[in-house]
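# Structural features, examined
The residues making up each chain are set out below.
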Amino acid sequence: MVPAPERPLSDNSAVISLVGTARADIAGGRFDAAVASLERALRIEPNNPALWQELAKLRLQQGQYQQAEGLAARSNGWAGNDKSLRAENWRIIGQARLKRGDYPGAQSAFDKAAELAN
């Protein structure tokens, strides 16, 4: 199976710029600045599931597991039929639950991710 080409995060140049800035800040260890950029992008496009996922990944990296799980769930709420985005969100949720010690919840999330990947 050939993976689908990655769709652009947004058609809005301001959003694309903010995400680029956030990613550069993450690479530089400036997590608070990255959060601020992603939150600005979300004010422009609050229904963009990819932005919610970006923020969820960042919160997971920061060790804010409950917030990461909530943001990934919110992303799923906007993801519609995008199975790959939803599967990645379930993997984020699974990782967050694993880090919090919720092993059955983590397994359930990983199982949902696997279902969507098929």
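Everything discussed here concerns the structure shown above.
Anyway, here's the lowdown on the structure attached to this text. Computed from a prediction, not measured in an experiment: that's the story for all the values here.

### Focus: the environment of Leu116
By the secondary structure assignment, Leu116 is in helix H6 (residues 103-117). On the basis of relative accessible area, Leu116 is assigned to the buried category, the value being 14%. Linking Leu116 and Ile26, residues 90 residues apart in sequence, is a C-alpha distance of 28 Å. Apart from the residues within four sequence positions on either side, Leu116 is in contact with Lys83, Arg86, Ala87 and Trp90.

### With respect to the side chain of Asn48
Relative to the assigned elements, Asn48 resides in the loop between helix H2 (31-44) and helix H3 (49-62). Residues contacting Asn48, with those up to four places away along its chain left out, are Leu9, Ser10 and Leu42.

### So, the nonpolar core
Among the nonpolar cores identified, the biggest contains 26 residues, and Leu38, Leu51, Leu55, Leu58 and Trp90 are the most heavily contacted of them. Put simply, the parts of the chain that give this core at least two residues each are helix H1 (13-27), H2, H3, helix H4 (65-78), helix H5 (83-99) and H6. Among the elements that line this core, the one with the most residues is H3, at six residues. When near neighbours in sequence (up to four residues on either side) are disregarded, Leu55 contacts Val35, Leu38, Glu39, Leu42 and Leu71.

### Digging into H6
For H6, built from 15 residues, the straight-helix expectation of 21 Å at 1.5 Å per residue is met to within 8% by its first-to-last C-alpha distance of 21 Å. Among all positions in H6, only Gly105, Ala106, Ala109, Ala113 and Leu116 are buried. Buried residues of H6 fall within an arc of 100° about the axis and therefore sit on the same side. What points out from H6, more than 90 degrees from its buried face, is the exposed set Tyr103, Pro104 and Glu115. Lining the buried residues of H6 we find H5. Its side-chain oxygen 2.8 Å from the backbone nitrogen of Gly105, Asp102 forms the N-cap of H6.

Parameters at a glance
Residues numbered from 1 in each chain as written. Predicted model: local features only at pLDDT ≥ 70, side-chain atom pairs only at ≥ 80, totals over all residues. Heavy atoms only, no water. Helix = DSSP H or I, 4+ residues; strand = E, 2+ residues; numbered from the N terminus. Buried < 20%, exposed > 50% of the residue type's maximum accessible area, 1.4 Å probe, protein only. Contact = heavy atoms within 4.5 Å. Core = buried A, V, L, I, M, F, W, Y, C linked by side-chain atoms within 4.5 Å. Expected span 1.5 Å × (residues − 1). Arc of directions from axis to C-beta. Polar contact = N/O pair within 3.5 Å; in protein donor to acceptor, adjacent residues only side chain to side chain.

Function cannot be inferred from these measures alone, as they are strictly geometric.
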